[in-house]
Amino acid sequence: MSISNAIVVGGGIGGLATAAALARRGVAVTLLEQAQSLREVGAGLQVSPNGLAVLRALGLEAALKTKSAVQAQAVVLRDFRHGATVARLDLARLRPEQKYYFVHRADLIDMLAGAAKRGNVTFEMGAQVASVRPGPIAQVQMANGRIQRAELVVVADGIHSVARPVLNGPDVAAFSGQVAWRATIPNTINHPPEAHVHMGPGRHLVSYPLRGGQLINLVAVEERTDWAPEGWNHADDPAHLCAAFAEFGGPVAQMVQAVQQVTLWGLHLHPVAQCWHKEGVALLGDAAHPTLPFLAQGANLALEDAWALARAATSGRGDGLARYQQTRIARVTRVVRAAEKNAARYHLHPGLLRTAAHMGLRLASTLAPGRMIGAFDWLYGYDVTAGPDQG
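Residues numbered from 1 in each chain as written. Predicted model: local features only at pLDDT ≥ 70, side-chain atom pairs only at ≥ 80, totals over all residues. Heavy atoms only, no water.

This next bit is on the overall build of the chain. Counting its regular elements, the chain contains 12 helices and 20 strands. Taking 2.2 N^0.38 as the reference for a compact globule, 391 residues should give roughly 21 Å; the C-alpha atoms of the chain span a radius of gyration of 21 Å, in line with that estimate. Taken over the C-alpha atoms alone, the chain extends approximately 60 × 40 × 35 Å along its principal axes. In the chain, which comprises 391 residues, the proportion classed as buried is 54%. When the accessible surface of the chain is summed, it comes to about 16200 Å², and 52% of that surface belongs to carbon and sulfur atoms. Computed over 36 positive and 29 negative side-chain charges, the inter-centroid distance for the chain is 5 Å. (Helix = DSSP H or I, 4+ residues; strand = E, 2+ residues; numbered from the N terminus. Rg over C-alpha atoms; globule rule 2.2 N^0.38 Å. Buried < 20%, exposed > 50% of the residue type's maximum accessible area, 1.4 Å probe, protein only. Areas by Shrake-Rupley, 256 points an atom, 1.4 Å probe, with all protein chains shown as cover. Lys, Arg positive; Asp, Glu negative; His and termini not counted. Charge placed at Lys NZ, Arg CZ, Asp CG, Glu CD.)

Following this line, the structure appears as structure tokens:
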């Protein structure tokens, strides 16, 4: 497969990275985004070394610092009562090239959009896609009836993808029994350049600094039986967040009290799509493999997908899209499953199991810190830009 033109549906991280990666390989790209402007407000994300490898290959690593990204020093697990440290994952023990950053989502969007524009990607804003049709020349039908065609259509439109049902039939998602709040607050507590996971019974809260340490990003997760809608932009009352974490002491109490605006979303379990491609159409990122946020890998997997797809689509081989799925599916399935398991580890209730688990983490962190960080080498040590055969 070797293409000269492509349409990318979706102006999020995965779509923009794909557009930039394809443009670097000489493909004429049109990006369709339903919003009137590219914007992401009020949210942070973690760029782990595997995602950074793609940004580096796109020539964007230096831009992270100009965007005031915070280089992470550690991931710290903390007890909910008073914030005491349970375990510390020292990110300084990663290999020198394996850096880890906290970045505002809007800043990463801006960086990737800039790379796409420098590659002469054509942006169509306010472009509502109604359907996607695979075929010898794939088609995108717009809500206004207009039809656009390209040799390749990459659909990176998230969990409510217009193309996933076309390739796989109706999506079967199940409420996970967990909801999450998301907010940013001023960093008035001198939060260090670390991700703190505050673990409590049936809930946990993740905090880390953004924009040179001026802000703190909060993601707070609670187990509940009440269903909540999926998606990131459902406004909620900050009082609900405060009530859910009322038993948390230490810095959590101060942070949740500082929240002025918060969004709530329900976390749903989606199977990894069985079919990622068909006759010139390919799924990417959450459209193919939505993941829970408990490994902070959603954006990083989308970046990996973007590089792998762009390389496969411009390889000159006829099986490019099939090889894209083949080289990605085992990797993303492993990450999705690992993320699903993490919440249970964070939400242990007081008792022998929690005591033993925390003691084990504390001992491992103290006595074998190198082995502890080494347990994540399968995740952080993966470099999709190094070659097509990693899995």
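This part takes up the packing of aromatic side chains. Taken as a whole, this structure holds 8 aromatic pairs when the rule is applied. With a centroid separation of 6.3 Å and 75° between ring planes, the pair formed by Trp-181 and Phe-245 is classed as edge-to-face. Here Phe-245 lies in the loop between α6 (238–244) and α7 (251–257) and Trp-181 lies in strand β13 (residues 174–186), a separation of 64 residues in the sequence. Neither residue differs from the other here; Trp-181 and Phe-245 are each classed as buried. Taken together through their ring pairs, the aromatic side chains of Tyr-100, Phe-102, Tyr-208, Phe-376 and Tyr-380 make up a single cluster. (Phe/Tyr/Trp six-rings, centres within 6.5 Å; stacked < 30°, edge-to-face > 60°.)

With their axes 9 Å apart at the nearest point, helix α8 (residues 298–313) and helix α9 (residues 320–346) run at an angle of 160° to one another. Considering their axes alone, α8 and α9 lie roughly antiparallel with respect to each other. Between α8 and α9 the crossing geometry is right-handed. Touching Leu-301, Glu-304, Asp-305, Ala-308, Leu-309 and Ala-312 of α8 are Gly-320, Leu-321, Arg-323, Tyr-324, Arg-328, Arg-331, Val-332 and Val-335, all from α9. Residue composition of the contact of α8 with α9, grouped by class: 8 nonpolar, 1 polar and 5 charged. (Axes fitted to C-alpha atoms, helices over the stretch in contact; angles between N-to-C directions. Parallel < 35°, antiparallel > 145°, perpendicular 65-115°, else oblique. Left-handed = near helix turned anticlockwise from the far one by under 90°. Contact = heavy atoms within 4.5 Å. Nonpolar A, V, L, I, M, F, W, Y, C, P; charged D, E, K, R; others polar.)

All right, on to the side chain of Gln-46 then. Position of Gln-46 among the secondary structure elements: in strand β3 (residues 44–47). There is a polar contact of 2.6 Å between the side chain of Gln-46 and the side chain of Tyr-100. Not counting chain neighbours up to four residues away, the residues in contact with Gln-46 comprise Tyr-100, Tyr-101, Phe-102, Ala-195, Val-206, Tyr-208, Ala-296 and Asn-300. (Polar contact = N/O pair within 3.5 Å; in protein donor to acceptor, adjacent residues only side chain to side chain.)

Turning to the pattern of salt bridges, a few remarks are in order. Inspection of every chain in the model, using the stated rule, returns 15 salt bridges. Measuring nitrogen to oxygen at the nearest pair gives 3.5 Å for the salt bridge that ties Arg-81 to Asp-79. Looking at Arg-81, the relative accessible area reads 38%, which means it is partly exposed. Between Arg-328 and Glu-304 there is a salt bridge, with the nearest N and O atoms lying 2.8 Å from each other. Taken together, the residues Arg-328 in helix α9 and Glu-304 in helix α8 connect sequence positions 24 residues apart. (Salt bridge = Lys/Arg side-chain N within 4 Å of Asp/Glu carboxyl O.)

Here His-196 shows up in strand β14 (residues 194–200). Among the residues examined, His-196 registers a relative accessible area of 6% and is labelled buried. At a separation of 2.9 Å, a polar atom in the side chain of His-196 contacts the side chain of Arg-78. Within polar-contact distance, the side chain of His-196 engages the side chain of Glu-194 at 2.7 Å. Excluding residues that lie within four positions of it along the chain, His-196 makes contacts with Val-76, Arg-78, His-191, Leu-205, Val-206 and Ser-207.

Attention now moves to the sheet that holds strand β4 (residues 70–71). Taken in spatial order, the 3 strands of this open sheet run β3-β7-β4, and their pairing is antiparallel. Two strands lie at the open edges of the sheet, namely β3 and β4, each paired on one side alone. Across 4 bridges, the pairing between β3 and strand β7 (residues 101–104) is antiparallel. Looking at β7, one finds that Leu-45 is bridged to Val-103. (Pairing = 2+ DSSP bridges.)

Direction vectors running N to C along helix α2 (residues 49–57) and α8 enclose 45°, while the axes themselves pass 8 Å from each other. In terms of their interaxial angle, α2 and α8 are classed as oblique. Here the hand of the crossing between α2 and α8 comes out left-handed. Residues Asn-50, Gly-51, Val-54, Leu-55 and Ala-57 of α2 lie in contact with α8, whose contacting residues are Asn-300, Leu-303, Glu-304 and Trp-307. Of the residues that constitute the contact of α2 with α8, the class distribution is 5 nonpolar, 3 polar and 1 charged.

Pairing is mixed in the open sheet, where 8 strands are placed in the order β6-β5-β14-β15-β16-β13-β18-β17. Because the sheet does not close on itself, it has two edges, and the strands there are β6 (85–90) and β17 (234–236). The mean inter-strand angle of the sheet, taken between neighbouring strand axes irrespective of direction, is 25°. Where β13 meets strand β16 (residues 215–223), 9 bridges bridge the pair, whose relative direction is antiparallel. Pairing of Gln-178 across the sheet is with Glu-223, part of β16. Sheet contacts for α9: β5 (74–79), β13, β14, β15 (203–210) and β18 (262–269); angle to β14, the most-contacted strand, approximately 60°. In the packing of helix α10 (residues 352–367) onto the sheet, contacts are made with β5, β6 and β14, and the angle to β6 comes to roughly 40°.

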